[in-house]
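Structural characterization, general
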Amino acid sequence: MYGWEFPPYILGGLGTASFGLIKGLSLQPDMDITFVMPKPRGDEDHSFLQIIGLCYTPVVWREVDYDCVAGRLPKCMTPEKYYELREHIYADFSYRHVNELGCIEFSGRYPDNLLEEINNYSIVAGVIARTEQYDIIHAHDWLTYPAGIHTKMVSGKPLVIHVHATDYDRSRGNVNPDVYHIEKDGMDYADHIITVSNLTRRTVIEKYHQNPSKVTTVHNAVEPLSKDILSITDKRGMRDKIVTFLGRITMQKGPEYFVEAASRVLQKADRVRFVMAGNGDMMDKMIRLVAKRHISDRFHFTGFMKGKQVYEIFKASDVYVMPSVSEPFGISPLEAMQCGVPSIISKQSGCAEILNYAVKVDYWDIEALADAIYGLITYPAYHKFLKEEGLREVNNIKWEHAGQELRGIYDMILYG
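Residues numbered from 1 in each chain as written. Predicted model: local features only at pLDDT ≥ 70, side-chain atom pairs only at ≥ 80, totals over all residues. Heavy atoms only, no water.

This next bit is on the sheet that holds strand β4 (residues 159–163). With parallel pairing, the 4 strands of this open sheet are ordered in space as β3-β4-β5-β6. Edge positions in the open sheet fall to β3 (137–140) and β6 (215–217), since each of these has one partner strand only. Recorded for the sheet is a direction-independent mean angle of 25° between the axes of neighbouring strands. The sheet contact formed by β3 and β4 spans 4 bridges and is parallel. Across the sheet, His138 pairs through a bridge with Val160, a residue of β4. (Pairing = 2+ DSSP bridges. Helix = DSSP H or I, 4+ residues; strand = E, 2+ residues; numbered from the N terminus. Axes fitted to C-alpha atoms, helices over the stretch in contact; angles between N-to-C directions.)

Another aspect to go through is the confidence of the model for the chain. With 90% of its residues at a pLDDT of 70 or more, the chain shows a mean pLDDT of 91. For the stretch residues 88–95, pLDDT sits under 50, and the model shows 25 contacts to residues farther than four places along the chain or on other chains. (pLDDT = per-residue confidence, 0-100. Contact = heavy atoms within 4.5 Å.)

Both faces of strand β10 (residues 319–322) are covered, namely the face carrying Val319 and Val321 and the face carrying Tyr320 and Met322. Bridging between strand β7 (residues 241–246) and β10 involves 2 bridges; their strand directions are parallel. For Val243, the partnering residue across the bridge sits in β10 and is Val319. Pairing analysis gives 3 bridges linking β10 to strand β11 (residues 343–346), with the strands arranged parallel. Opposite Val321, over in β11, you have Ile344 as the bridge partner. Note that the unit made of β10, helix α13 (residues 332–338) and β11 has a crossover that is right-handed. (Buried < 20%, exposed > 50% of the residue type's maximum accessible area, 1.4 Å probe, protein only. Right-handed = clockwise from strand over helix to strand, strands pointing away.)

Of all 6 residues in strand β8 (residues 272–277), 5 are buried, a share of seventy percent or more. Two elements, β7 and β8, share 6 bridges in a ladder whose sense is parallel. If you follow Thr244 over to β8, its bridge partner there is Val275. A crossover links β7 with its parallel partner β8, the connecting element being helix α10 (residues 255–265), and its sense is right-handed. Across 4 bridges, the pairing between β8 and strand β9 (residues 299–303) is parallel. Bridge pairing links Met276 to Phe301 in β9. With helix α11 (residues 283–292) bridging β8 and its parallel neighbour β9, the resulting β-α-β unit is right-handed.

A few words on the layout of surface pockets. Approximately 560 Å³ is the volume attributed to the second largest pocket. Among the elements that line the lining of the second largest pocket, the one with the most residues is helix α16 (residues 399–415), at 5 residues. In terms of residue class, the lining of the second largest pocket is made up of 14 nonpolar, 4 polar and 6 charged. (1 Å grid on protein atoms, 1.4 Å probe; cavity = no way out; pocket = protein on both sides within 12 Å on 5 of 7 lines; lining within 4 Å. Points joined across faces, edges and corners; volume = space filled by probe spheres on them. Nonpolar A, V, L, I, M, F, W, Y, C, P; charged D, E, K, R; others polar.)

The next thing to look at is the pattern of salt bridges. All chains considered together, the criterion is met by 19 salt bridges. Asp191 serves as the salt-bridge partner of Lys152, at 3.1 Å between the closest nitrogen and oxygen. Of this pair, Lys152 sits in helix α5 (residues 145–155) while Asp191 sits in the loop between α7 (177–189) and β5 (192–195), placing them 39 residues apart in sequence. Here the residues in one salt-bridge network are Asp240, Arg271, Arg273 and Arg298, joined through shared partners. (Salt bridge = Lys/Arg side-chain N within 4 Å of Asp/Glu carboxyl O.)

Turning our attention to helix α14 (residues 366–378). Counted at 1.5 Å a residue, the expected span for α14 with its 13 residues is 18 Å, and the 18 Å between its end C-alpha atoms agrees. Looking only at α14, the buried set comprises Ile366, Leu369, Ala370, Ala372, Ile373, Gly375, Leu376 and Ile377. (Expected span 1.5 Å × (residues − 1).)

Bringing the environment of Tyr357 into the picture now. Looking at where Tyr357 falls in the secondary structure, it is placed in the loop between β11 and β12 (359–361). Between the C-alpha atom of Tyr357 and that of Ser343, which follows or precedes it by 14 residues, the distance is 8.3 Å. Once residues within four sequence positions are removed from consideration, Tyr357 is found in contact with Met337, Phe385, Leu386, Glu389, Gly390 and Glu393.

This next bit is on unusual backbone geometry. Cis peptide bonds are those with omega within 30 degrees of zero, and the linkage from Pro7 to Pro8 qualifies with 10°. Position of Pro8 relative to the elements: it lies in the segment before α1 (13–26). Despite not being glycine, Asp141 shows a phi value in the positive range, around 65°. Here Asp141 lies in the loop between β3 and α5. Of note, the phi angle at His294 is positive, near 60°, even though the residue is not glycine.

Before going further, it helps to spend a moment on the sheet that holds β7. Pairing is parallel in the open sheet, where 6 strands are placed in the order β9-β8-β7-β10-β11-β12. Each end of this open sheet is capped by a strand with a single partner; those strands are β9 and β12. Ignoring which end each strand starts from, the neighbouring axes of this sheet average 20° apart. Relative to the sheet, α10 contacts β7, β8, β9 and β10, its axis offset from that of β8 by approximately 170°. Running over the sheet, helix α12 (residues 308–315) touches β7, β8, β9 and β10 and is turned about 145° from β7.

This paragraph deals with a positive patch on the surface. A surface patch of like charges, here positive, comprises Lys39, Arg41, Arg109 and Lys306. Relative to the elements of secondary structure, Lys39 occurs in the loop between β1 (34–37) and β2 (50–53). The exposure class of Lys39 is partly exposed, given its relative accessible area of 34%. (Patch = residues over 30% accessible without salt bridge, like charges linked within 9 Å, V, L, I, M, F, W, Y side chains within 5 Å. Areas by Shrake-Rupley, 256 points an atom, 1.4 Å probe, with all protein chains shown as cover. Lys, Arg positive; Asp, Glu negative; His and termini not counted. Charge placed at Lys NZ, Arg CZ, Asp CG, Glu CD.)

Here it is, written out as structure tokens:
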């Protein structure tokens, strides 16, 4: 498997989804999974998979003895592995990114030179493709599609790509031609395409011109809450109601609809506060919009939150809102529901396909969104019903089931 991020260091839902799917898949006793990523930090959970860091994979010959660099290499990098990997020499990349170990440096993030890092990822994947043993290649999201294609060309093994989002979702239709080309190439070369929702499946078929028989939906799921998360104190009680938006503050996520709905709710209710947790290129615009609507005293920006912080804010919330304009899936409402927080989601989100006990509105319908928020903070019986039924529903949405669906697709590709 090729991916870009993996917990505990994540920048969005891609890492969370990759982790859950791999863990669910690993429950099958005959499944060995190697996950390749640009820059592991060293404290990832290796108990159910092997992780290979591109930044630790030599791609050019350097007259450096293994003993001199061993302390800077991952524990799994034995002398034999090190010398085997560095036998492979490539020249199709910028040498300014090659360190003294003969490895290409990666940021492990989404830098300004992202296309260059994607190209370098593909080059290093060619080295890994020649040294690892595997039956199938699985590439997560557009960033790793070139690596998947390269590996397929080197090995002849079948390629599955996993579409977690398309540029149509991220850009509201103002598609970047370079990104579209990478996405389209990945889909064209793939032996099968996995989408996280039927919404995304339709986009893949209609906008990328793929054969419907080649595209299968496998919905995302959630991890059971750990004891550490379950121990977080529920901070809801006799105080102002808290309504939360948590995610990237970008046009895909519809943050302006959340602000406009908040303004309308505050015209009818005074003991309520709104929280926008996250960051993104629309954050400054949202701060100005909040000021323009004269609700700054009731609106709070927390910045980016991760790990336990996410669940702390869920536990402090009374309502969770995801007004995304185009959301391929959207795991965060499921996470909120695990914490007993009723969720309001846009009908334009993939998770709306599997959630029966979440309130669904059109992202653009600010009045309906405001009414839904007002109802949940005003009527205790309504809130209690969605809290209890939502929790029951989401506890049955498991990554193990997604892993079983994925295994069926693998077997179909490999054995017909």
